[in-house]
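Observations on chain architecture
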Amino acid sequence: MIQRWGRWAGVVVMVSGLLVLMVRWYVAPEPPGVRVTTRLLMGTLVAISTWGGDEHQATRAVGLAFEEMARIEALMSRFRPQSAVSLLNGAKRGEERPIPEELALLLVKGVELGRLSGGAFDIGLAPLSDLWGFSREPPPVAPPVRESIASWLTEHASLNGLGIAIQSTPEFRVKLSNASVGLDLGGSAKGYAVDRAMEVLRREGVVNALINAGGDMLIMGSKGETPWHVGLRDPRDPSGVVAILDRVGPLALSTSGDYERFFWADGVRYHHILDPKTGYPARSGLISVSIQAMDSMTADALSTAVFVLGEQAGLELLQHFPGSEALLIRENGEHVKTPGFVGRWSKTP
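The shown structure was predicted, so the numbers you read here are calculated from the model rather than taken from an experiment. (Residues numbered from 1 in each chain as written. Predicted model: local features only at pLDDT ≥ 70, side-chain atom pairs only at ≥ 80, totals over all residues. Heavy atoms only, no water.)

**Regarding the nonpolar core**
Which entries qualify depends on this criterion: What is meant by a nonpolar core is a set of buried Ala, Val, Leu, Ile, Met, Phe, Trp, Tyr and Cys residues, joined one to another through side-chain atoms within 4.5 Å. When a residue's accessible area, from a 1.4 Å probe over protein chains only, is under 20% of the maximum for its type it is buried; when over 50% it is exposed; and in between it is partly exposed. Residues are treated as being in contact if the distance between any of their heavy atoms lies within 4.5 Å.
Formed by 65 residues in total, the largest nonpolar core has its most connected members in M76, L185 and L201. Discounting chain neighbours no more than four positions away, the residues touching L185 are M76, V85, L103, L106, L107 and I123. Ranked by size, the runner-up nonpolar core spans 16 residues in total, among them I219, A243, L253 and L327.

Shown next, in the form of structure tokens:
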């Protein structure tokens, strides 16, 4: 048996022993007048670009936007021991715990998308994610033993819905049903943080900006008379771009793919996007899903859900979200996009 860690799409940076991704969306080199600031947040390199306006005002606004993203990470990351999510995950199962309203609203939306997607989107997968260990260092080189996944499936399948009960009176309270459930907001919290960061920029007087947080991108305004120019990296050729978009905001973009975190074992690619119905990485016939929407959290969550569901069921799910569009890449390399997806292919499949 030969095992190796797969090649990451984009650039990988080592920071304090952690793998940090710079993947999926490529932003063209910026002309004079565009200011770009980058920071490491939420497991990726986040870049905020602004155009025009007062430089001092823009610099202050960008700093505040990064502070807002850091605040949300501290609140919602399950890898922060004192975050609200970690404290809830560590609570006794069946015990109601108060949580901040902001987190409760994110959970409500996650539960609703779980219902609409037939369970393909599941915010309670932390125990299963821990079994696979894609967030650990060193990264995994083999899948978990079958018995551990089977045990998780048996317990998880017995739940009513996602096993997450949310009460809103007199305060927001949440309880988790059993040990097979633990909150993992990796499919929506980063998108939410991007939305909040853009709102800070808008509040501070910035009117033209682009936030690129790994696979999540949010556009506001333009570069004067020039649209923002971005490209989607080829999932099988990290040096290539498969689609190009010239867009004026507002617009959110999010991409999920099997090339972000993965390893090979016995000739099989195991990636980090897990299917709650099987306990294994999703095998839906897709290798990349890009979603356009009006807000980043919706795009973020839908890209995960559609990837797990596959082409037909995934496109049916989009009908519940007016204004959302998709660009899909099948396992055989064929390209599919919905009529409203604004962008052009740069490569012929």
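**With respect to the confidence of the model for the chain**
Parts of the model with low pLDDT should not have their predicted coordinates read in detail. The test is simple: The quantity known as pLDDT measures the predictor's confidence residue by residue, on a range of 0 to 100.
Taken as a whole, the chain shows an average pLDDT of 88; of its residues, 89% reach a score of 70 or greater. Contacts from residues 1–23, a stretch scored under 50 in pLDDT, to residues over four places away or in other chains number 67 contacts.

**So, the side chain of H335**
What counts is decided by this rule: The secondary structure listing takes helices from DSSP runs of H or I that are at least 4 residues long and strands from runs of E that are at least 2 residues long, numbered from the N terminus. Think of a polar contact as two N or O atoms within 3.5 Å of one another; within protein, one of them needs to be a possible hydrogen donor and the other a possible acceptor, and neighboring residues in sequence only count if both atoms come from side chains.
Its place among the elements puts H335 in strand β19 (residues 335–337). Here G333 takes part through its backbone oxygen, which lies 3.3 Å from a polar atom of the side chain of H335.

**What about the pattern of salt bridges?**
Heads up, the rule is: Every case where a carboxyl oxygen of Asp or Glu lies within 4 Å of a side-chain nitrogen of Lys or Arg is listed as a salt bridge.
All told, the structure shown has 18 salt bridges when counted by the stated rule. When the shortest N-O distance is used, the salt bridge between E199 and R202 registers 2.7 Å. Here E199 pairs with R202, and both are found in helix α6 (residues 189–203), just three residues apart, close to one helical turn. Beyond isolated ion pairs, a larger network of salt bridges with shared partners links E68, R71, E102 and R196.

**Some details on the pairing of strand β11 (residues 216–220)**
Here is the rule: Strands are treated as partners if at least two bridges between them are detected by DSSP.
Burial of β11 is extensive: five of the five residues sit out of reach of the surface. Burial of the side chains of β11 extends over both faces: D216, L218 and M220 are buried on one face and M217 and I219 on the other. Two elements, strand β10 (residues 209–213) and β11, share five bridges in a ladder whose sense is antiparallel. Each bridged residue has a counterpart across the sheet, and for A213 the counterpart in β11 is D216. In sequence, β10 turns back onto β11 through a hairpin of two residues, with G214 there showing a positive phi of about 65°. Sheet topology note: the β11/strand β14 (residues 251–257) ladder contains four bridges and is antiparallel.

**Some thoughts on the packing of aromatic side chains**
Rules: Centre distance within 6.5 Å is the pairing criterion for rings of Phe, Tyr and Trp, where only the six-membered ring of Trp is used; planes under 30 degrees apart are then read as stacked, over 60 as edge-to-face, and the remainder as tilted. As a reminder, the over-ring test applies to NZ of lysine and CZ of arginine, requiring each to be within 6 Å of the ring centre and within 35 degrees of the ring normal.
Within this structure, the stated rule accounts for five aromatic pairs. The structure contains a cluster of three or more aromatic residues connected by ring pairs, namely W132, F134, F263, Y270 and Y280. The ring of F262 carries R269 above its face, with NZ or CZ at 4.2 Å from the centroid. R283 extends its terminal NZ or CZ atom over the ring of Y270, reaching a point 6.0 Å from the ring centre.

**Observations regarding the sheet that holds strand β8 (residues 164–167)**
Spatially, three strands are ordered β7-β9-β8 in an open sheet, and the strand pairing comes out antiparallel. Each edge of the sheet is formed by a strand with only one pairing partner; in this case those strands are β7 (97–98) and β8. Pairing of β8 with strand β9 (residues 173–176) involves four bridges; the strand directions are antiparallel. If you follow Q167 over to β9, its bridge partner there is R173.

**Section: the packing of helix α7 (residues 296–309) against helix α8 (residues 311–318)**
We count it as follows: Here an axis means a line fitted to C-alpha atoms, over the contact stretch when the element is a helix, while the angle between two N-to-C directions is reported on a 0 to 180 degree scale. Any residue that is not Ala, Val, Leu, Ile, Met, Phe, Trp, Tyr, Cys, Pro, Asp, Glu, Lys or Arg is counted as polar, Gly included; the first ten are nonpolar and the last four charged.
Axis separation between α7 and α8 bottoms out at 6 Å; the angle between their running directions is 145°. In this structure, α7 contributes L302, A305, V306 and L309 to the contact, and α8 contributes E311, A313, G314, L317 and L318. When the residues that make up the contact of α7 with α8 are grouped by side-chain class, the tally is seven nonpolar, one polar and one charged.

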